[in-house]
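Secondary and tertiary structure notes
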Amino acid sequence: LIAETLTTSEEGVAAALAARRECPNLPLLVSFTCHDTGYADRPTLRGSNERLEDAVRAVDAACTSVGVEPPDGYSVNCSDAAMVLSGVKALRRELAAARLVGGCANVFPSPTSAHFGARGGGVHIRIRRLILAPLRWLKRRGARAMTPDAFAKHVCACADAGANIVGGCCGAAPEHIARASELLAARAKLR
């Protein structure tokens, strides 16, 4: 069971307690969405500005305090690729090796972190003042979605950082997932 795109620790607590009450025998992954801007080494939740690690501790503590098993793992989803990777690294530092860590990035260009560049380019530019800019505005200025190859490389970077659940969120198409699967399978054969 995955409770995803949560924006505050309170949502994480409510989701975890409800899931454990209603589906006690299912594995549980709690997934937060983080700001696309901010400190790369300190991902913060989109709805509360809490540090990701603090939200994880709050959910675990709330579960433990009422005698409920904490989630089996945590994830970051519905955020840009750079922040998902940062979140995966933060989660892996916070959680024991036996717990699950996941990351599912948005593929489309977001108003706060767009991929700009000529064909095949990939300069990452932060647009700090455009919180709710329309996608049309971004496209007119050269923003583009991640290619399947760029997405696959991102997924591999998340796996290298300790994620054992990876995938795509908003904008991920079958070709993104297929390319990521191919690259992960090829890497697994080399190991």
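Right, let's walk through the structure included here.

Reading the values: the criteria
- Residues numbered from 1 in each chain as written.
- Predicted model: local features only at pLDDT ≥ 70, side-chain atom pairs only at ≥ 80, totals over all residues.
- Heavy atoms only, no water.
- Core = buried A, V, L, I, M, F, W, Y, C linked by side-chain atoms within 4.5 Å.
- Buried < 20%, exposed > 50% of the residue type's maximum accessible area, 1.4 Å probe, protein only.
- Helix = DSSP H or I, 4+ residues; strand = E, 2+ residues; numbered from the N terminus.
- Contact = heavy atoms within 4.5 Å.
- Expected span 1.5 Å × (residues − 1).
- Arc of directions from axis to C-beta.

The subject of this paragraph is the nonpolar core. Nonpolar side chains in soluble globular proteins generally cluster together in the buried interior. Of all hydrophobic cores here, the largest spans 37 residues; its most connected members are V30, F32, L52, V59, Y74, V88 and L91. If one sorts the elements of this core by residue count, helix α3 (residues 81-94) sits on top with 7 residues. The contact partners of V59, leaving out residues within four places of it in the chain, are S9, G12, V13, A16, F32, P71 and Y74.

Moving on, we get to helix α1 (residues 9-22). Between its first and last C-alpha atoms α1 spans 20 Å; for 14 residues at 1.5 Å apiece the expected length is 20 Å, and the two agree. Every buried residue belonging to α1 is among S9, G12, V13, A16, A19 and R20, and all of these are buried. Viewed along the axis of α1, the buried residues span an arc of 140 degrees, placing them on a single side of the element. Facing away from the buried side of α1 by more than 90 degrees, the exposed set consists of E10, R21 and E22. Elements in contact with the buried residues of α1: β1 (2-6), β2 (29-32) and α2 (52-65).

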